[in-house]
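Summary of structural features
What follows is each chain in one-letter form.
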Amino acid sequence: MNPVNYLYLAALLFTIGATGVLIRRNAIVVFMCIELMLNACNLAFVTFSRMHGNLDGQIIAFFTMVVAAAEVVVGLAIIVSLFRTRHSASVDDASLMKL
Amino acid sequence: MENLIALLIAAPLLGAAVLLCGGRRLDAVGHWLGTLLAGLSFVLGVVLFTDMLGKAAGQRAVTQHLFSWIPVAGFQADVTFRLDQLSMTFVLLITGVGSLIHLYSVGYMEHDERRRRFFGYLNLFLAAMLLLVLADNYLLLYVGWEGVGLASYLLIGFWQHKPSAATAAKKAFLVNRVGDMGLSIAIMLMFTTFGTFAFVPVLHSADSAGEGKLTAIGLMLLLAACGKSAQVPLQSWLGDAMEGPTPVSALIHAATMVTAGVYLIVRSGAIFNAAPDAQLVVTVVGAVTLLFGAIVGCAKDDIKKALAGSTMSQIGYMVLAAGLGPIGYIFAIMHLVTHGFFKAGLFLGAGSVMHGMNDEVDMRRYGGLRTYMPVTFVTFGLGYLAIIGFPGLSGFFSKDKIIEAAFAKGGAEGWILGGAALLGAAITAYYMTRVMIMTFFGEKRWQPDEQGNEPHPHESPGVMTIPMIVLAVGSVFAGGFFSIGDRFVHWLEPVTGHAEGNSPVSAMTVTVATLVLLVVGAGIAYAQYGRRPVLAVAPRGSLLTRAARRDLLQDDFNHVVLVRGGEHLTRSLVYVDHTLVDGVVNGTAASVGGLSGRLRRLQNGFARSYAVSMFGGAAVLVALTLLMRAV
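So, how was this worked out
Residues numbered from 1 in each chain as written. Chains lettered and ligands numbered in written order. Predicted model: local features only at pLDDT ≥ 70, side-chain atom pairs only at ≥ 80, totals over all residues. Heavy atoms only, no water. Helix = DSSP H or I, 4+ residues; strand = E, 2+ residues; numbered from the N terminus. Buried < 20%, exposed > 50% of the residue type's maximum accessible area, 1.4 Å probe, protein only. Contact = heavy atoms within 4.5 Å. Areas by Shrake-Rupley, 256 points an atom, 1.4 Å probe, with all protein chains shown as cover. Lys, Arg positive; Asp, Glu negative; His and termini not counted. Charge placed at Lys NZ, Arg CZ, Asp CG, Glu CD. Domains from an automatic or database assignment. Axes fitted to C-alpha atoms, helices over the stretch in contact; angles between N-to-C directions. Parallel < 35°, antiparallel > 145°, perpendicular 65-115°, else oblique. Nonpolar A, V, L, I, M, F, W, Y, C, P; charged D, E, K, R; others polar. Buried area = accessible area lost by both parts, 1.4 Å probe. Salt bridge = Lys/Arg side-chain N within 4 Å of Asp/Glu carboxyl O. Expected span 1.5 Å × (residues − 1). Arc of directions from axis to C-beta. UniProt positions renumbered as here; feature names shortened; annotations may be inferred.

Once that is clear, we can look at the overall build of chain B. Regarding its fold elements, chain B presents 24 helices and two strands. With the principal axes as the frame, chain B shows a C-alpha extent of 115 × 65 × 60 Å. Residues counted as buried form 53% of the 631 residues belonging to chain B. A fraction of 80% describes how many contacts in chain B between residues 6 or more apart in sequence connect residues 24 or more apart. When the accessible surface of chain B is summed, it comes to about 26,000 Å², and 67% of that surface belongs to carbon and sulfur atoms. The averaged location of the 38 negative side-chain charges in chain B is 9 Å from the averaged location of its 43 positive side-chain charges.

Below, the structure is given as structure tokens:
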């Protein structure tokens, strides 16, 4: 199969993730969309690795997975504590950082 | 012997320090202490003078190096004194006349509770003036120059409770500052030109510098001299300086202060010799001032102001002579010395008259005082005869020489300058005769003052009359003593150089012309004031008279041109500052502020809107990258 199709899929997934980040208010959903974007990137990396015939892209994909795992831990902890204090998981409610 | 030079200055300086810091404990003896130290300085001067006379004419200059003031590589400022024939002449004049004025002040200031402080200032004045004439370089001279300015400020404003005195002091100080700027610029120019400011190297290498530079230095020195010596255009302070006590006027006009400008020009003779343009300006300033002062002196009814106009005029003669170059330097100094005698005598006489007349200064309220104050009358009269140049008295010899030298300048300039000097002699005779007649002759015209106190004219005490008598003797004999065998010329020649001019008119003609004009001037004054009663209130007078009463509109001129001009200048500068400079600064701040106020709205706190800008930015970056690759 033509590897460029994987790139189209990655672009589609990334776009879906980005759109989700921009239009959804629920912090959990936003978080999931971010994961979707990360995985779209991973898919693109692996595809490029395959297309160029070296392992660089795969190695970076592993790095991304590690970082994503760490991010999930921290991010979920933040969302949980936010929900506990505000009884809401909406990202628009946490809008105090402005002039 | 030369180690005594510093003591000359130290004595009055010590007096000033002790009297000004000593407090009330010294009130009882302060005036005698001040007089004693001034006298001590005079005695030291005489000792040094006799020592100097014992040496050959070429070896008379001695120096005393006290310490290095600012020793920096390439910039050496020393406190070194130089005593040569020129300084010696000034030292004797300053300390001699100065001591007599101290003695006189003991009597004159008897009833003033701040007499001790007055003597402290007098001593400071002497010390500063001695430093000025004894300095061996221009920088040290500048110190003395400023010291004289300070002391004159303190003394003119001594009765500072009178607003007029405080204003006069301020005026004298400010006008002098203008001249001081000239001196400081001249010293800087000297340093850049010659690399030093000591007299000997500067004056010896004056010829080697370019004429343009020397003219600039000369003109700046002239500006300085104009300030201190009250020459046009910086003459306006002298008349107002009469607000000070009368001994101060005598000191300023005879021994210190106004003579400093003449000293500076004569001392810098080598520079002026090499800069004929600057010399010409000096003579013009002198000629204009001698007529200016004389005309002002004619119109004043205040005895001290009439004498002040006279001083301005006589100093004009000296500056004129100093501008003539080697044919005039020595006569400038000779007139300075004889003038020191008779002008000090005249001022002390005026003070004595005021002392007896409840401090009345209006000559229209004097009259017939010769029988009440015989000693004052005789000494003042001798000073009067000396200043108008009566044959045989001091002024006759010195002024005659200056007029001759002015003619000897040659060409049209010589005729103009000589003519101005001759005319000045006639006007001098007129105004001095007027002062003499109004004060001592005619009917008595005094009236009770506002408090109803009738003045009781009386002779002043001995402590005041003795200095007047000594000065009168000097006024009579000094000129003749100097002139017999050209003593004074031989005395100063090694320092200033001397040249005989080629006068188009013979000396005899000049003398006769001077005497004829003297008789004419005195005769007109007699016809106007001696044959007719003097009116108690001055008549309105012609346009010229009224202008002369207002000092030939000098203050109006200064007000309109300098004060108004300065105000307009500052106002326009303030306007430019407010609109342009502040406008740019404020405009920048306001636009930055406004812009950031709008940019602030982007910071709305919503995480998703930040995400939009991040995505947007990233998209733009990617698009740009692709676009650049395509191109």
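On to the domain arrangement of chain B. Parsing chain B into structural domains produces domain 1 (275-539) and domain 2 (559-599 + 606-630). When each unit is reduced to the centre of its C-alpha atoms, the spacing between domain 1 of chain B and domain 2 of chain B is 70 Å.

With that settled, consider the packing of helix α14 (residues 303-323) of chain B against helix α15 (residues 329-356) of chain B. Residue and element names in this part refer to chain B. The N-to-C vectors of α14 and α15 enclose an angle of 175°; their axes lie 9 Å apart at closest approach. With respect to α15, the axis of α14 lies roughly antiparallel. Residues Ile303, Lys304, Leu307, Ala308, Ser310, Thr311, Gln314, Ile315, Tyr317, Met318, Ala321 and Ala322 of α14 lie in contact with α15, whose contacting residues are Tyr329, Ala332, His335, Leu336, His339, Lys343, Leu346, Phe347, Ala350 and Met354. Across the contact of α14 with α15, the residue classes tally to 15 nonpolar, five polar and two charged.

Now for the interface of chain A and chain B. Each partner contributes residues to the interface: chain A has 14 residues there, and chain B has 10 residues. Buried area between chain A and chain B, summed over both chains or domains, comes out near 1,000 Å², and the portion from carbon and sulfur atoms is 65%. Between the two partners, chain A and chain B, sit one salt bridge. In terms of residue count, the dominant contributor to the side of chain A that touches chain B is helix α1 (residues 4-23) of chain A (four residues). Along the lines of polarity and charge, the residues of the side of chain A that touches chain B split into nine nonpolar, one polar and four charged.

It is worth spelling out the pattern of salt bridges at this point. Once their charged atoms are close, side chains differing in charge can pair, the charge on each being opposite to the other. Residue and element names in this part refer to chain B. Using the criterion set out here, one finds 19 salt bridges over all chains in the structure. In this structure, Asp180 engages Lys228 in a salt bridge whose closest nitrogen and oxygen atoms are separated by 3.7 Å. On the criterion of sequence distance, the pair formed by Asp180 in helix α6 (residues 163-194) and Lys228 in helix α8 (residues 211-229) is long-range, its members being 48 residues apart. Taking the relative accessible area as the measure of exposure, Asp180 reaches 3% and is therefore buried. With a relative accessible area of 0%, Lys228 lands in the buried category. Look at the salt bridges and you will find they share partners, linking Glu146, Arg177, Asp180 and Lys228 into a network.

Residue and element names in this part refer to chain B. Structurally, the position occupied by Ala274 is in the loop between α12 (269-273) and α13 (276-299). Spatially, the C-alpha atom of Ala274 lies 26 Å from that of Phe81, the residues being 193 residues apart in sequence. When sequence neighbours within four positions are dropped, the list of residues in contact with Ala274 reads Asp207, Glu211 and Leu214.

All names here are of chain A. Helix length check: α1 (20 residues) gives 29 Å between terminal C-alpha atoms against 28 Å at 1.5 Å per residue, within 8%. For α1, the full list of buried residues reads Ala10, Gly17, Ala18, Gly20 and Val21. Angular distribution of buried residues about the axis of α1 spans 155°; they occupy a single face of the element. Of the residues in α1, the exposed ones pointing more than 90 degrees away from the buried face are Tyr8, Leu12 and Ile23.

Right, let's get into the environment of Phe390(B). Residues and elements named next belong to chain B. Counting through the fold element by element, Phe390 comes out in the loop between α16 (374-388) and α17 (394-408). Separated by 128 residues in sequence, Phe390 and Leu518 place their C-alpha atoms 8.1 Å apart. Non-local contacts of Phe390, meaning those with residues more than four positions away in its chain, are made with Leu385, Phe396 and Leu518.

Before going further, it helps to spend a moment on the UniProt feature "domain: NADH:quinone oxidoreductase/Mrp antiporter transmembrane" (unreviewed entry) in chain B. The residues that UniProt annotates with the feature "domain: NADH:quinone oxidoreductase/Mrp antiporter transmembrane" (unreviewed entry) are residues 135-417 of chain B. Between the C-alpha atoms that bound residues 135-417 of chain B there is a distance of 32 Å. The span itself is 76% helix and 0% strand.

Here we take up the UniProt feature "transmembrane region" (unreviewed entry) in chain A. Residue and element names in this part refer to chain A. According to UniProt, the "transmembrane region" (unreviewed entry) feature falls on residues 6-23, 28-48 and 60-83. A helix fraction of 100% and a strand fraction of 0% characterise residues 28-48, whose end C-alpha atoms lie 30 Å from each other. The span residues 60-83 is 100% helix and 0% strand, and its two end C-alpha atoms sit 33 Å from each other.

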